[in-house]
Every structure is written in C-alpha cells, then in structure tokens.
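Chain by chain, the residues run as shown.
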Amino acid sequence: MALQCGIVGLPNVGKSTLFNALTSAKALAANYPFATKEPNLGVITVPDDRLQKLADLVHPQRIIPTTIEILDIAGLIKGAAQGEGLGNQFLGNIRSVDAIIHVIRCFVDDNVIHVDGSVDPVRDKEIIDYELLLKDLESVEKRLQKAKKDSKGGDKAALRMVDIVTALKNHLEAGNPARSFESDGKEDTTQLLKELSLLTAKPVLYVCNVDEDSVHEGNEMVKALEKAIEGEDAELIVISAAIEADIAQMETIEERIEFLEMMGLKEPGVNRVIKASYHLLHLITYFTVGVKEVRAWTVTKDAPAPKAAAVIHTDFEKGFIRAEVMKYDDFIELGSEAACRSAGKLSVEGKEYKVQDGDILHFLFNV
C-alpha cells in the first residue's frame, strides 16, 4: 500500500526543515536507504525494530522495510483558495495525499519572521482550515449544480443526490470539515465522497514545532492548540524541527544515539511523525520471512487475509487458498518457522482471518 502524507503549513513554521529531516533520517536499527523521486517528494522507511530482530534470526540476503511517501507542499497563505501565493497548485497537491501533516509554529524567535507578524498557533490552524474549506465548497457547489441539472427529469437517484450534496454543502458552510460529515453509509453517498476527494475529509496530524526547551512537556501555545482541536478526529505530537535537523546531519548511528540521550529523548521526532501517521490511518505492519528476504508490508488494520495478500501481488488475492500465520513474539522466542511448527505456534487461516500487527504470513495461492 503506497501511503502518501502531505506536509502543510504557513511559511516559516519549520515545514521544510521537518521534510528535510525526514528524508535525511537513517533508522537507528539499520542504515536503510531512502529515495527522492522529485525535489519535493521523499520516500522514507518506516522505523520498526522488529524487522532487524527477525533478520538477526534468519540472516536473509536482504532486508526491505515498508515505506511512506512525504510530499512537501508549498507554504499556504490567506487567499490561497482564490489563487493567492501558489494557491491552486498547493491545494491540488493536497488532493492527492492520504493524510495531512499540518506543521504549526509553537515557538517565539525574533529572528524567524512570522508571515502574519505574530505567533498564534490557533489562528494559524484556522487559516489553513478556512482555505481548505473554501476549496471544498467550490467543489461541492459545482457538484450540486450538476446534480440539480440531472434531476430536472425527476429521476429518483438524481433527486437523492441533490439532497446528499445539499446536506454536505450546509455542513461545510457551517464551518465543519468534511471528515465530520455524518454519512448515511449508503453506496451512492460513499461513492460521492470518494469522487469529490475533499481536502477537509483527509485525516490530520498536527505537528507542534517547539523550541528545544519545550520538546518534552510542550508549552502554553501547544496547550492552546490541544484545546482548539478537542473533538476533532486528529492526532497531535510535539517535536523540535531544529533538533531533528541536527540529528539528520549526524553521520553515524552512534552519534545520533548519543545526541538523543543527551537531549533526554528516546527516539527522533521524525520516527514519531511516521508512527503517528500510521496510527491516524489505521495501518499496521505484517512480515514475510525467508532466507532471500525479510520484508515489512503495510495493510489496513483488521484487513482480511486475501486483501493483505494483494499488497504483495493482486494474483495472491485472486487465487488465495490459505495463509500460514505465526505471531512475531512466538517466532522471536522459538527462533524459526520450523520451531513454530513443531510447537504448534503456526496456524492455518482462511479468507475470513483478520491480519494483526506483527503477523508473519506465508500465503498459498493458485492462479
């Protein structure tokens, strides 16, 4: 599953600093590679200590972590929905991502100019929200015009679509994001929301960029933002982009570990950004283990086994027969697939099995 997150925010909030830190990060467990497809698109590995522990037992020819794509989207300003700044280009880029990482400045530094003259994270959040909402309203209004035109003949499906789009429009006009719209769950409503791909429907991770002294407990600005997003289905984490930039510049794993210990941090903030993005999108990791490779795969939480198999190849889903399943803890304790079989710790599961985080899977299929 190709997961893509877009980093957004006002100018000078630390957005690009975080992007550079993310795409320069080397996992502490191993020096996994990353790639940059375009100047503003980085492909980075998802940190997971379990992958290396499995490899230490199996000694594979290669280790392949799962990845996440991070898109650094140009800074937004007031009026973007009307084309101000990079305007439509910015909003078009957001439309393609699975989740939004919204970087918000929560530090004061006279040497870093704020685009609006003062630091106010709640106001900054509302600026972004408002511009995304305006763009969504534009899309919904166009769809409503089409629905009304289609309904002139009295077609019941078309008339129902007018009602659905009108309800969605009223929801947005009240200042509510599309992700809080209470859908009736019917197929036409679900299809409409998918078709519109509304910006405010995307899940959001708020990243509070703080000064070094506030990286452990946050500060008053973080608390104000936490209060402002109460009730939202969103995640919030606190990092210092300046610290992340320092970590990214260090050449060796030993240097990074020593620096983290000195700062009193358990892991780099970029790791927490990636993990929080996974949690936000209800994603988990399963593994395939063999002498050729130990590999991590991303799948939606509780996905049925055939859907998890499709992540490897669509033929695996089409011809799915069964899945052999071992639990990560059992494999680590016993040391091998053969030992798991002997101990009765390998189960055979059918199409209804829901994949769990950390499962080690072997799919049997026929096409």
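Residues numbered from 1 in each chain as written. Predicted model: local features only at pLDDT ≥ 70, side-chain atom pairs only at ≥ 80, totals over all residues. Heavy atoms only, no water.

So, the overall build of the protein chain
Piece 1. Looking only at helices and strands, one finds 14 helices and 13 strands in the protein chain.
Piece 2. Accessible surface computed for the protein chain: about 18300 Å², of which carbon and sulfur atoms make up 49%. (Helix = DSSP H or I, 4+ residues; strand = E, 2+ residues; numbered from the N terminus. Areas by Shrake-Rupley, 256 points an atom, 1.4 Å probe, with all protein chains shown as cover.)

Here we look at the packing of aromatic side chains
Piece 1. Within this structure, the stated rule accounts for four aromatic pairs.
Piece 2. Connected via pairs of aromatic rings, a cluster forms that spans Tyr286, Phe320 and Phe363.
Piece 3. If you follow Arg50 out to its NZ or CZ, it ends over the ring of Tyr328, 6.0 Å from the centre.
Piece 4. One cation-aromatic arrangement involves Arg105 over Phe107; the distance from NZ or CZ to the ring centre is 4.6 Å. (Phe/Tyr/Trp six-rings, centres within 6.5 Å; stacked < 30°, edge-to-face > 60°. Lys NZ or Arg CZ within 6 Å of the ring centre and 35° of its normal.)

Focus: the environment of Ile94
Piece 1. Counting through the fold element by element, Ile94 comes out in helix H3 (residues 87–95).
Piece 2. Sequence separation between Ile94 and Lys202 is 108 residues; the distance between their C-alpha atoms is 9.3 Å.
Piece 3. Those residues in contact with Ile94 that lie beyond four places of it in its chain are Val8, Ile73, Ile100, Leu132, Leu199 and Lys202. (Contact = heavy atoms within 4.5 Å.)

So, unusual backbone geometry
Piece 1. Positive phi outside glycine occurs at His282, with the angle close to 55 degrees.
Piece 2. Tracing the backbone shows His282 in the loop between helix H10 (269–280) and strand E9 (283–289).
Piece 3. Even without glycine at this site, Asp302 takes up a positive phi of about 65 degrees.
Piece 4. Classification of Asp302 as partly exposed rests on a relative accessible area of 35%. (Buried < 20%, exposed > 50% of the residue type's maximum accessible area, 1.4 Å probe, protein only.)

Observations regarding helix H5 (residues 156–173)
Piece 1. Under the 1.5 Å per step criterion, the end-to-end length of H5 is 26 Å for 18 residues, consistent within 8% with the ideal 26 Å.
Piece 2. What H5 keeps buried is the set Ala158, Met161, Val162, Ile164, Val165, Leu168, Lys169, His171 and Leu172.
Piece 3. Among the structural elements, helix H4 (121–150) and helix H6 (187–196) are those in contact with the buried residues of H5.
Piece 4. Of the residues that open H5, the one with a side-chain oxygen 3.2 Å from the backbone nitrogen of Ala157 is Asp155. (Expected span 1.5 Å × (residues − 1). Polar contact = N/O pair within 3.5 Å; in protein donor to acceptor, adjacent residues only side chain to side chain.)

A short note on the confidence of the model for the protein chain
Piece 1. The predicted model of the protein chain averages 86 in pLDDT, with 89% of residues at 70 or higher.
Piece 2. Every residue in residues 25–37 scores below 50 in pLDDT, and together they form 31 contacts with partners more than four places removed in sequence or on other chains. (pLDDT = per-residue confidence, 0-100.)

Notes on the pattern of salt bridges
Note that side chains of opposite charge can pair when their charged atoms are close.
Piece 1. This structure, assessed with the given rule, holds 21 salt bridges.
Piece 2. Between Asp129 and Lys125 there is a salt bridge, and its shortest N-O distance comes to 2.4 Å. One end of the pair is Asp129 and the other is Lys125, both in helix H4 and four residues apart, which spans about a single turn.
Piece 3. Relative accessible area serves as the criterion here: at 6%, Lys125 is assigned to the buried category.
Piece 4. Residue Glu232 is joined to Lys125 by a salt bridge in which the shortest nitrogen-to-oxygen separation is 3.0 Å. (Salt bridge = Lys/Arg side-chain N within 4 Å of Asp/Glu carboxyl O.)

So, the packing of helix H8 (residues 241–249) against helix H9 (residues 253–263)
Piece 1. Here H8 crosses H9 at 155 degrees, and the two axes come no closer than 9 Å. Overall, the two elements H8 and H9 adopt an arrangement that is roughly antiparallel. In terms of crossing hand, the pair formed by H8 and H9 is right-handed. Residues Ile243, Asp246, Ile247 and Ala248 of H8 lie in contact with H9, whose contacting residues are Arg256, Phe259, Leu260 and Met263.
Piece 2. Tallied by class, residues from the contact of H8 with H9 come to six nonpolar, no polar and two charged. (Axes fitted to C-alpha atoms, helices over the stretch in contact; angles between N-to-C directions. Parallel < 35°, antiparallel > 145°, perpendicular 65-115°, else oblique. Left-handed = near helix turned anticlockwise from the far one by under 90°. Nonpolar A, V, L, I, M, F, W, Y, C, P; charged D, E, K, R; others polar.)

Description of the pairing of E9
Piece 1. For E9, the tally of buried residues reaches six of seven residues, placing the bulk of the element in the interior.
Piece 2. Where E9 and strand E10 (residues 293–300) come together, seven bridges link them in antiparallel fashion. Each bridged residue has a counterpart across the sheet, and for Val289 the counterpart in E10 is Val294. (Pairing = 2+ DSSP bridges.)

So, H6
Piece 1. Listed as buried for H6 are Thr189, Leu192 and Leu196. All buried residues of H6 project into a common sector of 60 degrees when viewed along the axis, lining one side. Across from the buried face of H6, at angles greater than 90 degrees, the exposed residues are Glu187 and Lys194.
Piece 2. The positive-phi residue at the C-terminal boundary of H6 is Ser197, with phi of around 50 degrees. (Arc of directions from axis to C-beta.)

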